[in-house]
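Below are the chains, spelled out letter by letter.
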Amino acid sequence: MGQRAPLHPVVIRFGRLGDTILLQPLLHKLHRRYGSACRLVSLGECSRVLYEGHEDVAEVRKVDSQYGSLWLNPQRLRTAFALRELRAAPFYICEPDVRTRTKIRPMLALAGIAPEHCVFIEDTPFIQGDHWIDWLMRFADETPAAFHDALCSSHALPCAPRLEPTAIELGEAQLWLARRNLHGRPLVLLQPANKRTMRWNGIRKREDDDKSWPVERWAALCRAIVEAMPDACVLLCGSAAEAAYLATIGDAAEHAQVIVPREGLPLGHLRALLHIAHSMVSVDTGPAHLAAAVGCPLVVLFGNRWPSMWTPRSATGSAVHAIGGLPDVPSVDRIGLDEVVSAWRQLPPRPETMARRLVEEALQSAGWAGCLNICRTLGMAEPLRAASS
């Protein structure tokens, strides 16, 4: 009997940024098991930015919204019909939310995906004390009934995401820094907002958001960082919708070295800046997981969640210092300024030579000599010095 041709496993997860980042070890494990990169069906533009061109992902099929009836959502409907051509593949539905699974199951039925081709993460028990990635990795060991002869990996595989920026992202970040006269200066990134910070009518009240740290503490942290690193610039990260909130922190900090991008930071820019930054301080949200995934030293503030389950993991071994969280600190606003400043000061540095080499190799491989020439034209004697800050 001939050997089964390699199959592309299909992974479905309608999560937010952090959920999508945490999938990477599972995608790698399934790639190894089945011999072909995965096809990812996911929610939002972040999945395309993170995984297009990634070695473990052959294709990204994104939907912009999961809400409403399948028949009234043209994009979900098109995606369901497109899944018909993948009916021979194993399907891994990594969606833990019951309401979201009610959006996915009709898509599978319309696509004609046989039950014996599917496994669902709800059938893999969550073990108390598990990190979310550990649960995903155990789920990746499950095998749909139609693929009982699929190989299981006999090697220990990384249980932490690794998502390096693309060469294009790195080049664009260099130009972004150059236009703002930030090239060659140490960068410390702050991520004060999370998905709940903004409402349709403005900023959510602090008592309604367990991840909200007071504006005056963020501003004081900015000043403490600049005092400790006089050459540094502090960059407040967030989306365009969060720019007004970030501006309140910048105004309270009253320091020229505290930068608030009025247009926000696109995800690709953020990934590249995290790759070359000195460090990041963030609430428990998606960009914190991205910082760890690119090797940026990180302090993360937890509210009403268990750090044992959600602390970002770094595949490169970069430092991750978690503060707060259950069972003792159910709200971020109970975390004092001094504790955060102390944790940030104690972060060990990232390897300077490795950061420089990675940036230089990535830019050269993509033909970014033009980018370097532009930087030199702008008066930068060492256009990649920011990589070693």
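The coordinates are above.
A quick note: this is a predicted structure, and the numbers were derived from the prediction, not measured.

A. Structural detail: the nonpolar core. Grouped together as the largest cluster of nonpolar side chains are 63 residues, with contacts concentrated most on Val11, Leu26, Tyr51, Leu189, Leu273 and Leu274. In terms of residue count, helix α6 (residues 132-140) provides more of this core than any other element does, 7 residues in total. Those residues in contact with Leu189 that lie beyond four places of it in its chain are Leu235, Cys237, Leu270, Leu273, Leu274, Ala277, Ser279, Met280 and Val281. Among the nonpolar cores identified, the runner-up in size contains 33 residues, and Ala193, Val283, Val340 and Ala343 belong to it.

B. Just helix α10 (residues 267-276), in detail. Across the 10 residues that make up α10, a large majority, 10, are buried. Regarding α10, the residues found buried are Leu267, Gly268, His269, Leu270, Arg271, Ala272, Leu273, Leu274, His275 and Ile276.

C. Quick peek at the sheet that holds strand β1 (residues 10-13). With parallel pairing, the 5 strands of this open sheet are ordered in space as β3-β2-β1-β4-β5. Edge positions in the sheet fall to β3 (57-63) and β5 (118-120), since each has one partner strand and no second. Within this sheet the neighbouring strands show an average axis-to-axis angle of 15°, counted without direction. Here strand β4 (residues 91-93) runs beside β5; their pairing, made up of 3 bridges, is parallel. Looking across to β5, one finds that Ile93 is bridged to Phe120.

D. Highlighting the packing of aromatic side chains. For the coordinates displayed, the defined rule picks out 8 aromatic pairs. Between Trp213 and Trp218 the ring centres are 5.0 Å apart and the planes differ by 85°, which places this aromatic pair in the edge-to-face class. Of the two residues, Trp213 and Trp218, both sit in the buried class. Within the aromatic cluster, the residues linked to one another by ring pairs are Tyr34, Tyr92, Phe139 and Phe147. Sitting over the face of the ring of Phe120, Arg105 holds its NZ or CZ atom 4.1 Å from the ring centroid. In this arrangement the basic side chain of Arg305 is found over the ring face of Trp310, its NZ or CZ atom lying 4.0 Å from the centre.

E. Here's a closer look at the packing of helix α2 (residues 24-34) against α6. Viewed as axis vectors pointing N to C, α2 and α6 meet at an angle of 20°, and their least axial separation amounts to 9 Å. It follows from the interaxial angle that α2 and α6 lie roughly parallel. Read as a crossing pair, α2 and α6 show a hand that is right-handed. Where α2 abuts α6, its residues Pro25, Leu26, Lys29, Leu30 and Arg33 lie against Ile133, Leu136, Met137, Phe139 and Ala140. For the contact of α2 with α6, the residue count by class is 8 nonpolar, no polar and 2 charged.

F. Geometry of the side chain of Arg13. In this fold, Arg13 is placed in strand β1. Residue Arg13 is classed as buried on the basis of its relative accessible area, which comes to 6%. From its side chain, Arg13 meets the backbone oxygen of Cys94 in a polar contact 3.4 Å long. In this view, Arg13 contacts Asp19, Leu23, Val41, Ser42, Leu43, Cys94, Glu95, Pro96 and Trp132; residues no more than four positions away in its chain are not counted.

G. View of the sheet that holds strand β13 (residues 320-324). The strand order across the open sheet built from 6 strands is β10-β9-β6-β11-β12-β13, with neighbouring strands paired in parallel fashion. Strand pairing shows two members of the sheet lacking a second neighbour, β10 (258-259) and β13, which therefore form its edges. Where strand β9 (residues 233-236) meets β10, 2 bridges bridge the pair, whose relative direction is parallel. In the strand pairing of β10, Leu235 is matched with Ile259.

H. Quick peek at the pattern of salt bridges. Enumeration according to the criterion identifies 20 salt bridges in this entry. Arg13 serves as the salt-bridge partner of Glu95, at 3.0 Å between the closest nitrogen and oxygen. Taken together, the positions of Glu95 in the loop between β4 and α5 (98-111) and Arg13 in strand β1 put the pair 82 residues apart, joining distant regions of the chain. Note on Glu95: relative accessible area 1%, which makes it buried. As a salt-bridge pair, Glu164 and Arg162 come within 3.3 Å of each other at their nearest N and O atoms.

I. Spatial organisation of unusual backbone geometry. Note that the residue after Leu326, namely Pro327, is joined by a cis bond; omega there is 10°. Along the chain, the position of Pro327 falls in the loop between β13 and α13 (337-345). Even without being a glycine, Glu254 presents a positive backbone phi close to 50°. One can find Glu254 in the loop between α9 (243-253) and β10.

J. View of the packing of helix α8 (residues 215-228) against α13. Packing of α8 against α13 leaves a shortest axis separation of 10 Å and a crossing angle of 35°. The way α8 lies across α13 gives a crossing that is right-handed. Contact residues: Arg217, Ala220, Leu221, Ala224, Ile225 and Ala228 in α8; Leu337, Val340, Val341, Trp344 and Arg345 in α13. Tallied by class, residues from the contact of α8 with α13 come to 9 nonpolar, no polar and 2 charged.

Quick notes on the rules
Residues numbered from 1 in each chain as written. Predicted model: local features only at pLDDT ≥ 70, side-chain atom pairs only at ≥ 80, totals over all residues. Heavy atoms only, no water. Core = buried A, V, L, I, M, F, W, Y, C linked by side-chain atoms within 4.5 Å. Buried < 20%, exposed > 50% of the residue type's maximum accessible area, 1.4 Å probe, protein only. Helix = DSSP H or I, 4+ residues; strand = E, 2+ residues; numbered from the N terminus. Contact = heavy atoms within 4.5 Å. Pairing = 2+ DSSP bridges. Axes fitted to C-alpha atoms, helices over the stretch in contact; angles between N-to-C directions. Phe/Tyr/Trp six-rings, centres within 6.5 Å; stacked < 30°, edge-to-face > 60°. Lys NZ or Arg CZ within 6 Å of the ring centre and 35° of its normal. Parallel < 35°, antiparallel > 145°, perpendicular 65-115°, else oblique. Left-handed = near helix turned anticlockwise from the far one by under 90°. Nonpolar A, V, L, I, M, F, W, Y, C, P; charged D, E, K, R; others polar. Polar contact = N/O pair within 3.5 Å; in protein donor to acceptor, adjacent residues only side chain to side chain. Salt bridge = Lys/Arg side-chain N within 4 Å of Asp/Glu carboxyl O.

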